[in-house]
Structures are given as structure tokens and as C-alpha cells.
Amino acid sequence: MELFDVYSLFNVTPVRAQGCTVWDDKGQEYLDLYGGHAVISVGHCHPHYVAALTEQLNKIGFYSNSVRNPLQEELARRIGEVSGYDDYTLFLDNSGAESNENAAKLASFHTGKDRIIAFRRSFHGRTSGAVALTDNPAIVSPFNAHHRVTFVDLNDGDAVADELAKGGVAAVIVEGIQGCGGIHLPSSGFLQALRRLCDRYGAVLILDEVQSGYGRTGKFFAHQWSGIRPDIITMGKGIANGFPCGGILVSPMFQARKGMLGTTFGGNYLACAGALAVLDIIEREGLMANALAVGDYIREALPKSGRIKEVRGKGLMLGIEFDERVAPLREALLYDKHIFTGVAGQNMIRLLAPLCLTRAEADRFLEAFNEVLAA
Ligand SMILES: *Cc1c(COP(=O)(O)O)cnc(C)c1O
């Protein structure tokens, strides 16, 4: 049997990794400024992370959510502590898309309404409900389009107010920073307006922090730069450094009811052990501050090339926008300079490095990037 061929693949086969370095099957070394799409938060194969997962696997690897799981309770306590949301509750699932679907479901249960406001260029995942909240016609099938979702422009508070006034809105969902749509930041004033509007109309404010959260921008969640508190925060990607894990933080206004949410694998022992080790490492190694400092350093030091249209982002979530297609640049970085980078659309190079990226590694990228631009 062959694979169902849905991914465009680079001609690289990683077999081993450590920190921000990856080696392929030919022994070639690569610098990783992509982090497997913002998933590798604390670096590849961190010894503390590997030890935590290995130890857990030797104790008990899996049981269902029909028994008490002290690791889930510990993880809830720890995420509450590090994020400042210790009065919220935690529901664990397996991915970003699942987290957004659970958030939408909870909002709809809570309000009894079924409309959702999302934003142009949004990305909230690939499963049926999550992709319906996503503004990308190439990945939304006719089946998904039946959800009652209205898209408005990011940073247009008046448009949100108009839609809310029409009634029936369960939730407004917005990314902490739009990632796949091209690193677009909601302004602090806009997030504050969303908070006021949701309060006025009784709609639930959902912040999708799947990509922008978990320390990447220098605060635990990107929206925390604006001072607002959403009703639900969704997480995924970096939460367990590559072991599949997602989750939502739920404000105290929600009433849990037995059976309203559920999952087979969500919150399993291995995911929790991985997620707890990630928090240990973020705290011990000061990775949130590092992400902000090294991100700022890269921004400042990027070449002042006329080909670069704009640089946007915060911390280690950076988009470098060009007027031209970036595929050749990215290929030169990968095949000539041996550096992994991401993209957003056709014209943007997107950097989503592990939060432990050092200045020396940033310098290696900057030098290579200069050379590739000059070539
Ligand atoms: C990646 C991503 C998702 C989807 O996460 P999956 O784990 O792939 O389901 C949702 N929202 C945002 C902002 C993302 O970047």
C-alpha cells in the first residue's frame, strides 16, 4: 500500500535531533527554525522530557478517562500557575482542531445559540467544525460550509458589533496571532473591544492560542499582551513538545455537565508527563524570556533588503513578507544552507523556532539569510 498523497514533501529525511539541530539519514546537520510547525517548544529530545516520558511509559502508559488521573490534576494546577489562569478549569484533548471544536461546542451549549464569528485569513484546524471556522476555501469542503459561521476583517470592531447585533451569536473566535494566514496581529485595542462586545451581547470570547501560545511570544499566551481575559483559551502544538496533546482553559462561568465533552486518548498519562516536563523546562530555562529576546534580536538584525516588504510578529513567531514568491529562497535555505523554515502563503517566510533558540543559532540563520538574499 502507498500513502494517500496529500503533503508536498521536501527531499529531507530526518532521523535524529537535539535542541534546535536535526540530522538526516545521510548525516547532514540542519538548523531548525520551524520546530516541526511550532510544535517543538523546548527543543528536540530534551533529556528531561525524554526521561519523563520514558519513566511514565514504564509505570503506566494508558487508561481511559473513567478513572482519576493525578497527572491531569497536576497539569491543570501547573498551567494555572504559569499562565495566571488558576481560577479556570482544564479539559484535555488531542489536538488544536479538537480544542477549537470543544470550545465552539461549549460556547453553543452555554448560550443556546449556533452562530460563530471568525476572522478573514483565520486558521482553526482541519476537522469538520474547526475547518468551518477557517477562512481558506481550498481546505473547506461543501459539507463543512453548513456551519453558521460569519467571517469579518481582523481589527474591524465595528463589523463585529454589527454581526453581534444581528443576534444568535454563540462565540467570537480569534487567534492570539494569525499564523497560517500570514502573521497578522489583532491589536490590543481590538481585543479589548471584542471583550466589551462579547460581554454586551452575551457571546463567548474564544482565543485560539494553539500556535501563538505556550510562551512563544514572551508571555504564556499572546493575548496577555493586551490585558484581556477570554472565556475559553485553546491550546495544542507546543504543549507536549511533539507528543500529541491539546486542551482548553475554561472560565469559571461555565457549568460542567457529565458527558458534555469527552475523548478516548485526551489527557493520557504520556501526554500529561510530556506536558509537565515541558513546563518544567520552560520555567527552569527561562524560555519565555528567551523567545522574546531572541525573536527581537532576529527582527533587529534582519537584513534591510529592499526585497523585504514587512516583518511582523512577536517573539519567536515571525513572518518575513516579500513582494515575490518565497519558495526559491526557502529552498536555498534548506538545500544550500541546511536551515528549516516555514512559510505562510506564497510570499512569507515564517519562523517558528523552538523557544530555546540561542543568539549564536540566530546569527547562523541571519548570515545564511543574508547570503541567500544576495545570491
Ligand atoms: C495548527 C493550528 C490549529 C490546528 O491544530 P491541529 O493540532 O493541527 O489540529 C488550530 N489553530 C491554529 C491557530 C493553529 O496554528
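Structure shown above.
This one's a predicted model, so the numbers in the text were calculated from it and none came from an experiment.

Participant: Quick question: what am I supposed to make of the environment of C180 here?
Facilitator: Position of C180 among the secondary structure elements: in the loop between β7 (169-175) and α7 (188-201). A relative accessible area of 24% places C180 in the partly exposed class. For C180 and D363, which are 183 residues apart along the polypeptide, the C-alpha to C-alpha distance reads 25 Å. The residues contacting C180, other than those within four sequence positions of it, are H37, F123, Q211, A344, G345 and R350.

Participant: What is the right way to look at helix α2 (residues 47-59) in this model?
Facilitator: Every α-helix winds through 3.6 residues per turn, so residues three or four apart in the chain are directed the same way. Between its first and last C-alpha atoms α2 spans 18 Å; for 13 residues at 1.5 Å apiece the expected length is 18 Å, and the two agree. Taken together, the buried positions of α2 are occupied by Y49, A52, L53 and Q56. Along the long axis of α2, the arc covered by the buried residues comes to 90 degrees, so they all point the same way. Those residues of α2 that are exposed and angled more than 90 degrees off the buried face are P47, E55 and N58.

Participant: Just checking my understanding: could you explain the sheet that holds strand β9 (residues 232-235) for this structure?
Facilitator: Hydrogen bonds along the backbone pair up the strands of a sheet, which may run parallel or antiparallel. The mixed open sheet is built from seven strands, whose spatial order is β4-β10-β9-β8-β7-β5-β6. The open sheet has two free edges, formed respectively by β4 (89-93) and β6 (149-152), since each of these has just one partner strand. On average, each strand axis in the sheet is tilted by 20 degrees relative to the strand beside it, whichever way the strands run. Note that strand β5 (residues 115-119) and β7 share three bridges and pair parallel. Among the inter-strand pairings, I117 is bridged to a residue of β7, identified as V172. Lying on the sheet, helix α6 (residues 157-165) is in contact with β5, β6 and β7; it crosses β5 at an angle near 170 degrees.

Participant: Would you take a moment to explain the environment of V160 for this structure?
Facilitator: Considering the arrangement of structural elements, one finds V160 in helix α6. Residue V160 is classed as buried on the basis of its relative accessible area of 0%. Along the sequence, V160 and D87 sit 73 residues apart, while their C-alpha atoms lie 28 Å from each other. If we ignore the near neighbours within four places in the chain, the residues touching V160 are I117, F119, V152, F190, L194 and L197.

Criteria and cut-off values
Within every chain, residues take consecutive numbers counted from 1 along the sequence as written. Per-residue local features of the predicted model are confined to residues with pLDDT of at least 70, and side-chain atom pairs are confined, for both listing and counting, to 80 or more; whole-chain, interface and lining totals are unaffected and use all residues. Excluding hydrogens and water, the side-chain values take into account all heavy atoms of the structure. Under the DSSP-based scheme used, a helix requires at least four consecutive residues in state H or I and a strand at least two consecutive residues in state E, with every element numbered from the N terminus. Only protein chains enter the accessibility calculation, which uses a 1.4 Å probe; a residue whose area is less than 20% of its type maximum is buried, one above 50% is exposed, and one in between is partly exposed. Residue contacts are counted whenever heavy atoms from the two residues lie within 4.5 Å of one another. To estimate the expected span of a helix, subtract one from its residue number and multiply by 1.5 Å. Relevant arc is that of directions from the helix axis to the C-beta atoms, nothing else. A pair of strands counts as paired when DSSP detects no fewer than two bridges linking them. Angles shown run from 0 to 180 degrees and are taken between the N-to-C directions of axes, each axis being a line fitted to C-alpha atoms and, for helices, limited to the stretch in contact.

In short, shape yes, function no, at least from these values alone.
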